[in-house]
Protein chains: 4
Amino acid sequence: MGAMHDDASPHSSAPAQTLPELALRLKHFAQARDWGQFHAPKNLASALIVEAGELLEHFQWLTEDQSRQLGSEQKQAVAHEMADVLLYLVQLSSSLNIDLMQAAREKMVLNAVKYPAKGSES
Amino acid sequence: MGAMHDDASPHSSAPAQTLPELALRLKHFAQARDWGQFHAPKNLASALIVEAGELLEHFQWLTEDQSRQLGSEQKQAVAHEMADVLLYLVQLSSSLNIDLMQAAREKMVLNAVKYPAKGSES
Amino acid sequence: MGAMHDDASPHSSAPAQTLPELALRLKHFAQARDWGQFHAPKNLASALIVEAGELLEHFQWLTEDQSRQLGSEQKQAVAHEMADVLLYLVQLSSSLNIDLMQAAREKMVLNAVKYPAKGSES
Amino acid sequence: MGAMHDDASPHSSAPAQTLPELALRLKHFAQARDWGQFHAPKNLASALIVEAGELLEHFQWLTEDQSRQLGSEQKQAVAHEMADVLLYLVQLSSSLNIDLMQAAREKMVLNAVKYPAKGSES
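Note that the coordinates shown come from a computational prediction; the quantities given were computed from them, not determined experimentally.

Draft legend 1. Seen up close, the relation of the copies chain B and chain C. The two copies are related by a screw operation: chain B maps onto chain C through 180° of rotation and 0.0 Å of translation along the axis, at an RMSD of 0.0 Å. Seen this way, the second copy is the image of the first under a two-fold rotation axis. Minimal C-alpha separation from the rotation axis in chain B is found for Gly53 of chain B, amounting to 2.8 Å. Interface overlap between copies is the fraction of interface residues in one copy that are interface residues in the other; for chain B against chain C it reaches 100%, indicating a shared surface.

Draft legend 2. Looking closely at helix 6 (residues 100-114) of chain D. An ideal rise of 1.5 Å per residue puts 21 Å on 15 residues; helix 6 of chain D measures up with 21 Å between its terminal C-alpha atoms. Contacts from the buried residues of helix 6 of chain D go to helix 2 (19-31) and helix 5 (72-96) of chain C together with helix 2 (19-31) and helix 5 (72-96) of chain D. If you check the start of helix 6 of chain D, you find a side-chain oxygen 3.2 Å away from the backbone N of Met101 of chain D, and it comes from Asp99 of chain D.

Draft legend 3. Quick look at the packing of aromatic side chains. A full pass over the atoms with the stated rule returns 12 aromatic pairs over all chains. Ring geometry for Trp35 of chain A against Tyr115 of chain B: centres 5.4 Å apart, planes inclined by 80°, an arrangement best described as edge-to-face. Taken together, the residues span two chains, with Trp35 of chain A in the loop between helix 2 (19-31) and helix 3 (41-57) and Tyr115 of chain B in the segment after helix 7 (100-114). The partly exposed category is assigned to Tyr115 of chain B, whose relative accessible area is 34%. Their ring planes at 65° and their centres at 5.8 Å tell us that Phe29 of chain B and Trp35 of chain B sit as a pair that is edge-to-face. By relative accessible area, which is 13% here, Phe29 of chain B ends up buried. Every member of this aromatic cluster is reached through a ring pair, and the members are Phe29 and Trp35 of chain A together with Tyr115 of chain B. The ring of Phe29 of chain C carries the charged tip of Arg33 of chain C above its face, separated from the ring centre by 3.5 Å.

Draft legend 4. Looking closely at the relation of the copies chain B and chain A. Laying chain B over chain A is done by rotating through 180° and shifting 0.0 Å along the axis; what remains is an RMSD of 0.0 Å. Both copies present the same face, since 100% of the interface residues in chain B are matched by interface residues at the equivalent positions in chain A.

Draft legend 5. A look at the pattern of salt bridges. This structure, assessed with the given rule, holds 4 salt bridges over all chains. A salt bridge links Asp84 of chain A to Lys107 of chain B; its shortest N-O distance comes to 2.7 Å. With Asp84 of chain A in helix 5 (residues 72-96) and Lys107 of chain B in helix 7, the pair connects residues from two separate chains. Each member of the pair, Asp84 of chain A together with Lys107 of chain B, is buried.

Draft legend 6. Structural context of the side chain of Ser46 of chain D. Of note, Ser46 of chain D is situated in helix 3 (residues 41-57). According to the relative accessible area criterion, Ser46 of chain D is buried, its value standing at 2%. Once you skip the residues sitting within four places of it in the chain, Ser46 of chain D turns out to touch Leu56 and Gln60 of chain A, Ser46 of chain B together with Leu56 of chain C.

Draft legend 7. Spatial organisation of unusual backbone geometry. Residue and element names in this part refer to chain A. Despite not being glycine, Asp34 shows a phi value in the positive range, around 60°. In this structure, Asp34 sits in the loop between helix 2 and helix 3. You can call Asp34 partly exposed: its relative accessible area is 43%.

Draft legend 8. Geometry of the environment of Leu100 of chain A. Among the structural elements, Leu100 of chain A can be located in helix 6 (residues 100-114). Distance in space between the C-alpha atoms of Leu100 of chain A and Leu19 of chain A is 8.0 Å, their sequence separation being 81 residues. Among all residues touching Leu100 of chain A, those that are not within four sequence positions of it are Leu19, Leu89, Val90 and Ser93 of chain A together with Met82 and Leu86 of chain B.

Draft legend 9. Broad picture of the packing of helix 4 (residues 41-57) of chain B against helix 6 (residues 72-96) of chain B. Residues and elements named next belong to chain B. For the pair helix 4 and helix 6, the least separation of the axes is 9 Å and the interaxial angle reads 165°. The orientation of helix 4 with respect to helix 6, classified from their angle, is roughly antiparallel. In the packing of helix 4 onto helix 6, the handedness of the crossing is left-handed. In contact with Pro41, Leu44, Ala45, Ala47, Leu48, Glu51, Ala52, Glu54 and Leu55 of helix 4, helix 6 contributes Val78, Glu81, Met82, Asp84, Val85, Tyr88, Leu89, Gln91, Leu92, Ser95 and Leu96. Of the residues belonging to the contact of helix 4 with helix 6, the class tally is 14 nonpolar, 2 polar and 4 charged.

Here is what the cut-offs are and how they apply
Residues numbered from 1 in each chain as written. Chains lettered and ligands numbered in written order. Predicted model: local features only at pLDDT ≥ 70, side-chain atom pairs only at ≥ 80, totals over all residues. Heavy atoms only, no water. Least-squares fit on C-alpha atoms with pLDDT ≥ 70 in both. Contact = heavy atoms within 4.5 Å. Helix = DSSP H or I, 4+ residues; strand = E, 2+ residues; numbered from the N terminus. Expected span 1.5 Å × (residues − 1). Polar contact = N/O pair within 3.5 Å; in protein donor to acceptor, adjacent residues only side chain to side chain. Phe/Tyr/Trp six-rings, centres within 6.5 Å; stacked < 30°, edge-to-face > 60°. Buried < 20%, exposed > 50% of the residue type's maximum accessible area, 1.4 Å probe, protein only. Lys NZ or Arg CZ within 6 Å of the ring centre and 35° of its normal. Salt bridge = Lys/Arg side-chain N within 4 Å of Asp/Glu carboxyl O. Axes fitted to C-alpha atoms, helices over the stretch in contact; angles between N-to-C directions. Parallel < 35°, antiparallel > 145°, perpendicular 65-115°, else oblique. Left-handed = near helix turned anticlockwise from the far one by under 90°. Nonpolar A, V, L, I, M, F, W, Y, C, P; charged D, E, K, R; others polar.

What follows is the structure in structure tokens.
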């Protein structure tokens, strides 16, 4: 699996800064573990919501105010659950060949039409 | 609400290319609609999983193979559900002051330790 | 499909009062629509969480207090989302041959050990 | 907390056989632990979907066929996750004063209209 060598090259082993770079790292990571067979979009969408549940679990018994004031340890745990959601979201976008940032921009335009800002007519 | 003026500046109205730029657009979008009161982390984590459910709904009755071969219309719908997940994830990261890309990098390091690659010992 | 005739019999067409009766109605309902092929446990578990998301959607922007004071229309909508969750839960229990009420009783015993009641030692 | 005494009475300590009996046991269980303050419908709906995620986790990497053939140990674990979903669903129905079985019957009538059975016109 020659593509794996890229993974060790100075270029590709630099820390991911963008979603496409993150997608490339994740692709190599899954290939090196033969996980492609499991990563049907259906399964990735399931894994994503499972992680979203682990994320919500941190908040389920908190009041809204408490959820704004997490301690540093809990915040770290929450950050890693959020990372899990992002990692599956990026892998899903790769497997479907979807440009996630482009989709986000489109959705923001749609949202701006759907929910006009107060006073935006002035 | 002077901060809103930034939203109309040449710089900040350029399409978001990175997660921090997306976060800034979303912050202005929510401020212009007075949504800050609703956006406690607890609520954003709820909204995120609700969107993850809408995403999974597209796949629930498909076989894994069918999920790899979405038609263009369904793929567009899926892309927008994925965008919804990303938009809430980014807003949650803002409200908790979490660097999402940094968290993703940390989680990938942890995953590499937890799931060693086959043949990685050679 | 002779089993369908049972569905029209005086006995089985009586309104379901218990989970096993509900399970029987749902089995006939799915058989009459040839849905067995879609109802793998994996898919039913996906459908269940999708409905759980539609349920949560009613509450995501409410305060805890507001969630205790739903109007009658919203309460009706919530009741039907809860029904959807129950219907998939019951179908999943049928497909796995699991006695849901028995599992609930077992889990309550485990919970009583895990979370002793205050003052329960007296 | 005199109501707790009921919990130890021969009648109410009999194993729950129906959803209303289960609801009563859960009410006493929560009261004995002072959990009422946490059990706003919003929070119960969150806890429910978190458990639905733990349930789905068992299936996320399985094929549909594998999900039909769980081993006995995994089936037991799945049964207890399903119980968790049911326990929160029942507590939510209590807190909203919703008759879950009645809602399920209503939803089945609506589904029969929405999805007519094949050949049901004969």
